[in-house]
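Structural overview for review
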Amino acid sequence: MNKLSLCWGSLEGVDFETFLLSAAGAGFAAVTLNTALYLEARSSGMSDQDIGQCLRDNGLIVSDIDPLFNWLPGAPSLAGSDPISICTRATMEDVFRLAHVAGTNLVNAPLGMVTPDTEQEIVDCFAELCEKARQEDLRVSLEFMPFNQVRDLPTAARIVQQAGCDNGGIMFDCWHHHRAGGSPEDILSVSGEHFFAMQLDDALLEPMEDIMVETLNHRLLPGEGSIDLVQTLRNLQTVGAELMYDIEVFSDPMRSLSAAERARQLFAAASFIVGQI
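Cut-offs used in this document
- Here the residue numbers are simple positions, counted from 1 along each chain's written sequence.
- Where local features are concerned, this predicted model is filtered to residues with pLDDT of at least 70; where side-chain atom pairs are given and counted, the filter is 80 or more; whole-chain, interface and lining totals use all residues.
- Think of the side-chain values as coming from all heavy atoms in the structure, minus any hydrogens and water.
- For every residue, the accessible area (1.4 Å probe, protein chains only) is compared with the maximum for its type, and the residue is labelled buried under 20%, exposed over 50%, or partly exposed between those bounds.
- To qualify as a helix, a DSSP run of H or I must reach at least 4 residues; to qualify as a strand, a run of E must reach at least 2; elements of each kind are numbered from the N terminus.
- It is the directions from the helix axis to the C-beta atoms that the arc portrays.
- Any two residues having at least one pair of non-hydrogen atoms within 4.5 Å are treated as being in contact.
- Side-chain atoms alone can form a polar contact between residues adjacent in sequence; in general such a contact is a pair of N or O atoms within 3.5 Å, and within protein one must be able to donate a hydrogen while the other accepts it.
- Expected span of a helix: the number of residues minus one, times 1.5 Å.
- Each reported salt bridge corresponds to a side-chain nitrogen of Lys or Arg within 4 Å of a carboxyl oxygen of Asp or Glu.
- Each axis is a line fitted through C-alpha atoms, taken for helices only over the stretch in contact, and angles between the N-to-C directions span 0 to 180 degrees.
- Under this scheme an angle from 65 to 115 degrees is roughly perpendicular, one under 35 degrees roughly parallel, and one over 145 degrees roughly antiparallel; angles in between are oblique.
- Whether a crossing is left-handed or right-handed is set by the direction in which the near helix is turned from the far one by less than a right angle, anticlockwise for left-handed and clockwise for right-handed.
- In these notes, a set of buried Ala, Val, Leu, Ile, Met, Phe, Trp, Tyr and Cys residues joined through side-chain atoms within 4.5 Å is what counts as a nonpolar core.
- Two rings from Phe, Tyr or Trp (for Trp, the six-membered ring) form a pair when their centres are within 6.5 Å of each other. A pair whose planes differ by under 30 degrees is stacked, one over 60 is edge-to-face, and the rest are tilted.

Right, let's talk about helix α3 (residues 48-57) for a bit. By the burial criterion, the buried members of α3 are Asp48, Ile51, Gly52, Cys54 and Leu55. Take α3 and look down its axis: the buried residues cluster within an arc of 155 degrees, on one side only. In α3, the exposed positions that point more than 90 degrees away from the buried face belong to Gln49, Arg56 and Asp57. Among the structural elements, α1 (16-26), β2 (30-33), α2 (35-43), β3 (61-65) and α5 (92-102) are those in contact with the buried residues of α3.

Structure representation (structure tokens):
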């Protein structure tokens, strides 16, 4: 079964239809979407029905909507025209609506650029988010990142467990896990039912001085870096996690290539890794 999904960030900067055509042409079974791509598609004249039909015409499903930023008090709204800035301005209702349009039941919720006072505040807000999502028949994954307060897998697992919502789980990004000092063995301490999604990418052998520059511009294709991805995926299987593999590679060198060539290289690299598990 083809479980490879192309993250929008891997083809950042292309329009909605080019994104889908490139993903389908490379062999991906699924894609992730965000509100920036959705708004671009709507501004081009596409209706919600057209968007759904375009996905079907390309033989694609949507694995998740990523990201939902506005779920904690004080989340900033950025004025820029880049995808991340546009996503900071999307409301929870906007993201839930897109999930329904896209036909997915999963929304990814990183902490974003807000700094909560306590971990308990994050627990309470995540539980509230999950309850609102439940009313829409949606699930929510909490994404940990080494540069914010939900910095690693143990922290994310603790928050998800304390929130106590069966529609709330974890987004496991291989790059974030590695840069947080994690290892494949850490996965074995978390029940598979708590993993809702994963992002497959690789990391430089030595971290760059500026972690934000690295995460947004210098991730590597799966298999090109220092992460033991095969063991990571094997351990996710061992704990019983049933996941799509979202391929998320923010890479300056890749941006010089055509969308079709980027998608082709990403699919080939991910397929090689997944074929070894």
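With respect to the helices, strands and loops of the structure, Asp173 is situated in strand β6 (residues 168-173). Between the C-alpha atoms of Asp173 and Ser141, which are 32 residues apart in sequence, the distance is 11 Å. Contacts of Asp173, omitting those with residues within four sequence positions, involve Glu143, Phe144, Gln199, Asp201, Arg219 and Glu248. Within polar-contact distance, the side chain of Asp173 engages the backbone nitrogen of His176 at 3.1 Å.

The first and last C-alpha atoms of helix α12 (residues 259-274) sit 22 Å apart over 16 residues, in line with the 22 Å expected at 1.5 Å per residue. Among all positions in α12, only Ala259, Arg262, Ala263, Leu266, Phe267, Ala269, Ala270 and Ile273 are buried. Taken together, the buried residues of α12 touch β1 (4-6), α1, β7 (195-200), α10 (229-238), β8 (245-247) and α11 (252-255).

Another aspect to go through is the pattern of salt bridges. What the rule picks out here adds up to 15 salt bridges. The salt bridge involving Asp166 is made with Arg134; its shortest N-O contact spans 2.9 Å. Taken together, the positions of Asp166 in the loop between α7 (153-163) and β6 and Arg134 in helix α6 (residues 119-134) put the pair 32 residues apart, joining distant regions of the chain. Residue classification places Asp166 among the exposed residues on the basis of a relative accessible area of 62%. A cluster of three or more residues bridged by salt bridges with shared partners is formed by Asp173, Asp201, Arg219 and Glu248.

Look at α1 against α3: their axes get within 10 Å of each other, and the N-to-C directions meet at 20 degrees. Of the possible angle classes, the one that applies to α1 and α3 is roughly parallel. When you trace α1 past α3, the crossing you get is right-handed. For the pair α1 and α3, the contacting residues are Phe16, Glu17 and Leu20 in the first and Ile51, Cys54 and Leu55 in the second.

Let us now look at the nonpolar core. With 87 residues, the main nonpolar core has Phe19, Val31, Trp71, Phe126 and Phe195 as its most contacted residues. Not counting chain neighbours up to four residues away, the residues in contact with Phe195 comprise Leu153, Ile170, Phe172, Ile187, Val190, Leu236, Val239, Ala241 and Leu243.

Moving on: the packing of aromatic side chains. The final tally for this structure, using the stated rule, is five aromatic pairs. With centroids separated by 5.2 Å and ring planes inclined at 75 degrees, the aromatic side chains of Phe28 and Phe267 adopt a geometry described as edge-to-face. Separated by 239 residues along the polypeptide, Phe28 in the loop between α1 and β2 and Phe267 in helix α12 bring together distant segments of the chain. Accessibility expressed as a relative area gives 4% for Phe28, which makes it buried. Measuring from ring centre to ring centre gives 5.9 Å for Phe144 and Phe172, while their planes differ by 70 degrees; the resulting arrangement is edge-to-face. Taken together, the residues Phe144 in the loop between β5 (139-143) and α7 and Phe172 in strand β6 connect sequence positions 28 residues apart. Accessibility assignment for this pair places Phe144 and Phe172 in one class, buried. Among the aromatic residues, those joined into a cluster by ring pairs are Phe144, Phe172 and Phe195.

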